[in-house]
Every structure is written in C-alpha cells, then in structure tokens.
Amino acid sequence: MILSKRWRSIWTMLPALDYDDSDIDGESKSIWYFIDKSMQLHKTPVLQNLYIELGKWIANAVYRKIRELIFILNWSAKPINLPNSLYTCDTLVSLVLSKKINVEIVTPACLPSLTHNVTNFNVKISFLETLVYVNEYKEDFEDSNGSLVINSPTLKTAIICDYSGDSFLIENKCFLDKASIKVLNHLGDGIRIFISSLIRLDVLLNNPTVGCFTTINFSQLIERRIQPYEFDWLKPLMILVQNSPKLKVLLIDVMDQDDDFPISWHHPGSVPKCLLTNLEIFEWKEYGGKFEEKELVKYIFANSRCLKRAAISIRSKCILEGKEKTMVDELESMPRISESHALMFETVIDWRDIYRKGFNAAMW
C-alpha cells in the first residue's frame, strides 16, 4: 500500500485480516512502529493515508456485517479514535480493542449482539449525560466479584439493571435527575449524596436496597415508581413517601412480587407532607386485594387532599378467580378526601416512555 497507489484500497476488500509483524527474535511490533522510526510518523502524508484507509476498512467491515473484530494498535504515537459506525454495528458479537485506541463515542452507541466476559466496568466519561447498564442474572450469584464504578460528573440519567450481585459505586460529584435502579446487592453509602437530588426515581425495593433508599431525604423528587421484590414492602414504602415532600406521582408495580409472600401494614404515626399538599396521581399495577393492601389504599385515599387521579389494575390471578367485581366494589366504596379525583381500574402511565426520552431504544 505504501509503495503503490494501486494497492492502497485493495486490502479494504478482504473478508478477514490478520496482520502480525514480528522481528527475528519474535518480539512483536507493528508496521506503524516501523513507519514511526523511519518516516517521522506525526507529519507524513503516509500516516494520513493510513488513518483514512483504516477508517474505510472498519466502516466497510461494519457495512458487511462483521461479527468479530480484534484490533491491537502497538505504536509509539498518540492513541487514535475509531469510526463511530463501529459502535452502532448490530452484528458485532466479539470486540477486542487494545493498546493505543481511544474509545470516545460522540453518537449514542448500540451493540445489541455483543457478548462479553468483562466483570469490572469503570465508566469514566467526562461528558456522559445518559447511561444504560444491564447485567443479567448469573447462576454463581453468591460468588460474584464484579463491579460497576461510575465516574462521570455530567451524568443526569442512569438506568442500572443488575441482577448479578455485583457491587455498584458512583464516584465524583454527579447529581442525577432521573434514575432507574434495579439491583440485588447492597448499595454503598457513597451513592446517597448522588441520588438525593433525583426528580424521577424507579427502584426495585428489596432487602439489599431498602437500607439505602429509606435513609435519604428526596427533597426534589416528583415522580416515583417502586417494584417490590420478595420483600415486606409496605412500611418501607411509607418511609419513602414520608421522605419525599414534593412527590406528585406514585406508582406501585407488584408484578414481580410473589402473591404468597407475607406483608404487614403499620399505620404511620404522622401523615406524609406530600399526601397533604402535592400527590396528584396514584397508580397501582397488579393490585391483589389483600387486607394489608386495602389498608394502604384506604390510607392514601383518606389523606391525599390534592389527588386528581387514581388508577388501579386488578391482579390477573384475581380476575381469573372471578374476584374482580368484588374488589372493584370495595375500592369504589372507600372514603376519599379529594372529591375531585377520578378512580379508574386500569393503569394509565406507560413508564417505558420515561426511558425512551434521551435515547432511541426502549429498554424497559
């Protein structure tokens, strides 16, 4: 390619490229290193051509639906950036980037087919505003030793769905506006200051996370969804409501809660401020009609002075057992302090729309 212009673009048509330049002693070095030594790498037209052709080759590989890319750049010059198209390749299954390569993503990245064996993620991007992190459940949950560390001071929206048991930590001074946190591990003390500024929160409520979320004063929180998971959740819910004085929207989703899991109701000592002055929308998805659940609904109806809409969908199991009409009658007969609020028997808010804003793919 260097000696003849005719060969300059031929190599980009190869379906597979495996290049390794080693000296006599077997010490690996690349053609880039050789050029650096002999042709003043930083200023030559040859380098510019190599950059251009490399970009073309990667773009062409993405266009041809590449499945595996291993790229190791061993030169003494500055690290390079790869084409943005690489980070939106929907066929890429395996990707290895090593040595002098900057992973700087200007446009949203989407690699739906990518598989990996990385256990420790350190997200350190100074300009990052939205992060979506999904880690599926592992069979060796108790032996999990992975981690997620976020160090992005401009981060505003975080969606963390991690059922692996890995540790989770936020570093630096980022103050989130919106977050969905669904984890099965204890959250470190350091996370409290970063989520206390949230405006919108979606949380999986369970034994590992309740200690963190019930000790935070959510002074700015307006919308909250809770999803109990194998947990006696009614008392912690009321603590969360008590600690959210500006709360306007409350959604309870018990779809993942075992219907036979025991729960208990304790009447709060004082009425949360948000019920008296702010709560306007209350929704419950998969309401089961247990005594304790009825007591919670009665309490919210009796104390939510600003309530404009209540929407409750009956648990599918109860509908199949023919209990729907009785449950609806019970709900309709409950006293309501807000005379203007409408009571519906299907949930209205599509919380997936909350997370579609800011990135293209629907994650939930």
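Structure first, text after, so check above.
Thresholds, definitions, all that
- In every chain, residue numbers begin from 1 and rise along the written sequence.
- Local features in a predicted model are, by the rule used here, given only for residues with pLDDT of at least 70; side-chain atom pairs are given and counted only at 80 or more, and totals for whole chains, interfaces and linings are based on all residues.
- Where side-chain values are given, they derive from all heavy atoms of the structure, hydrogens and water being excluded.
- Per the convention used, a helix needs a DSSP run of H or I reaching at least four residues, while a strand needs a run of E reaching at least two, with both numbered from the N terminus.
- Here's how the labels work: a residue is buried when its accessible area is under 20% of the maximum for its type, exposed when over 50%, partly exposed in between, all with a 1.4 Å probe on protein chains only.
- Whether two residues are in contact is decided by their heavy atoms, any of which lying within 4.5 Å being enough.
- Detection works on a 1 Å grid of protein atoms alone, calling trapped sets that fit a 1.4 Å probe cavities and calling open sets with protein on both sides within 12 Å along at least five of seven lines pockets, with lining residues defined by an atom within 4 Å of a point.
- Grid points are joined across faces, edges and corners, and a volume is the space filled by probe spheres set on the points.
- Here the term charged refers only to Asp, Glu, Lys and Arg, the term nonpolar to Ala, Val, Leu, Ile, Met, Phe, Trp, Tyr, Cys and Pro, and the term polar to all other amino acids, Gly among them.
- Think of it this way: DSSP has to see at least two bridges between two strands before they count as a pair.
- Convention adopted: a line fitted to C-alpha atoms gives each axis, helices being fitted over their contacting stretch, and angles between N-to-C directions are expressed from 0 to 180 degrees.
- Salt bridge criterion: a side-chain nitrogen from Lys or Arg within 4 Å of a carboxyl oxygen from Asp or Glu.
- Here a polar contact is taken to be a pair of N or O atoms separated by no more than 3.5 Å, where protein atoms must pair a possible hydrogen donor with a possible acceptor and residues adjacent in sequence count only if both atoms sit in side chains.
- Multiplying 1.5 Å by the helix residue count minus one yields the expected span of that helix.
- What we call a nonpolar core is a set of buried Ala, Val, Leu, Ile, Met, Phe, Trp, Tyr and Cys residues that are connected through their side-chain atoms within 4.5 Å.
- Ring pairs shown here join Phe, Tyr and Trp side chains whose ring centres sit within 6.5 Å, with only the six-membered ring taken for Trp; geometry is labelled stacked below 30 degrees between planes, edge-to-face above 60, and tilted in between.

A. Summary view of the overall build of the protein. Helices and strands together make up the secondary structure of the protein, namely 10 helices and 16 strands. When each of the 364 residues of the protein is scored for burial, the buried share is 41%. Put simply, 61% of the contacts in the protein that link residues at least 6 apart link residues at least 24 apart.

B. Fine view of empty space enclosed by the protein. According to the stated counting rule, one finds 1 cavity of 30 Å³ or more in the structure shown. Put simply, the largest cavity is a space of about 70 Å³. The wall of the largest cavity is formed by Trp233, Val254, Gln257, Asp258, Asp259, Phe261, Ile263, Lys290, Glu293 and Arg315. In the lining of the largest cavity, the residues fall into 4 nonpolar, 1 polar and 5 charged.

C. Structural view of the sheet that holds strand S15 (residues 309–314). Taken together, 9 strands build an open sheet; the order of strands is S6-S8-S10-S11-S12-S13-S14-S15-S16 and the sheet is parallel. Only two strands of the sheet have a single partner each, and these edge strands are strand S6 (130–135) and strand S16 (342–344). Strand-to-strand, the axes of this sheet are offset by a mean angle of 10°, without reference to chain direction. With 6 bridges joining them, strand S8 (residues 157–162) and strand S10 (residues 178–183) adopt parallel strand pairing. Counted as the bridge partner of Cys161 is Lys182 from S10. Across the sheet, helix H9 (residues 324–332) lies against strand S14 (281–287), S15 and S16, angled at about 160° from S15, the strand it touches most.

D. The pattern of salt bridges, seen in detail. Tallied over the full model, the rule gives 13 salt bridges. Its salt-bridge partner being Arg225, residue Asp253 comes within 3.8 Å of it at the nearest N-O pair. Highlighted residues: Asp253 in strand S13 (residues 249–253) and Arg225 in strand S12 (residues 223–228), separated in sequence by 28 residues. For Asp253, a relative accessible area of 5% puts it in the buried group. For the salt bridge of Asp329 with Lys325, the shortest nitrogen-to-oxygen distance reads 3.1 Å. With Asp329 and Lys325 both in helix H9 and 4 residues apart, the pair spans about one turn of that helix.

E. Here's a closer look at the side chain of Ser244. Tracing the backbone shows Ser244 in the loop between helix H5 (234–242) and S13. Its relative accessible area of 0% is what places Ser244 among the buried residues. For Ser244, the side chain forms a polar contact with the main-chain oxygen of Leu240, separated by 2.8 Å. Here Ser244 is in contact with Phe218, Leu221, Arg224 and Cys274, once residues within four sequence places are set aside.

F. Main features of helix H7 (residues 291–303). Relative to the 18 Å expected for 13 residues at 1.5 Å per residue, H7 spans 19 Å between its end C-alpha atoms, a close match to the ideal helical length. By the burial criterion, the buried members of H7 are Glu293, Glu295, Leu296, Val297, Tyr299, Ile300, Phe301 and Asn303.

G. Region of the structure containing the sheet that holds strand S7 (residues 147–150). Spatially, 3 strands are ordered S5-S7-S9 in an open sheet, and the strand pairing comes out parallel. On the outer flanks of this sheet lie strand S5 (120–123) and strand S9 (167–170), each paired with one strand and no other. The mean inter-strand angle of the sheet, taken between neighbouring strand axes irrespective of direction, is 5°. In terms of strand pairing, S5 meets S7 through 4 bridges, oriented parallel. By the bridge assignment, Val123 is partnered in S7 with Ile150.

H. View of the nonpolar core. The biggest cluster of nonpolar side chains holds 64 residues, and the ones touching the most others in it are Ile195, Trp233, Trp284 and Leu296. If sequence neighbours within four positions are ignored, Trp284 has contacts with Trp233, Leu251, Ile252, Val254, Glu293, Leu296, Val297, Ala311, Ile312, Ser313 and Thr347. If you look at the next biggest cluster of nonpolar residues, it comprises 16 residues, including Trp57, Leu86, Tyr87 and Leu92.

I. How the structure looks around the packing of aromatic side chains. Taken as a whole and assessed by the stated rule, the structure comprises 4 aromatic pairs. Ring centres 5.7 Å apart and planes at 75° place the aromatic pair Trp233 and Trp284 in the edge-to-face group. Here Trp233, found in the loop between S12 and H5, pairs with Trp284, found in strand S14; they are 51 residues apart in sequence, far enough to count as distant. Across the pair, exposure class does not vary: Trp233 and Trp284 are buried alike. A connected cluster of aromatic rings, assembled from ring pairs, spans Trp233, Phe282, Trp284 and Tyr287.

J. Expanded view of unusual backbone geometry. Even without glycine at this site, Lys65 takes up a positive phi of about 65°. Within the fold, Lys65 resides in the loop between helix H2 (45–63) and strand S1 (68–73). One non-glycine residue, Glu286, lies in positive phi territory at about 70°. Along the chain, Glu286 turns up in strand S14.

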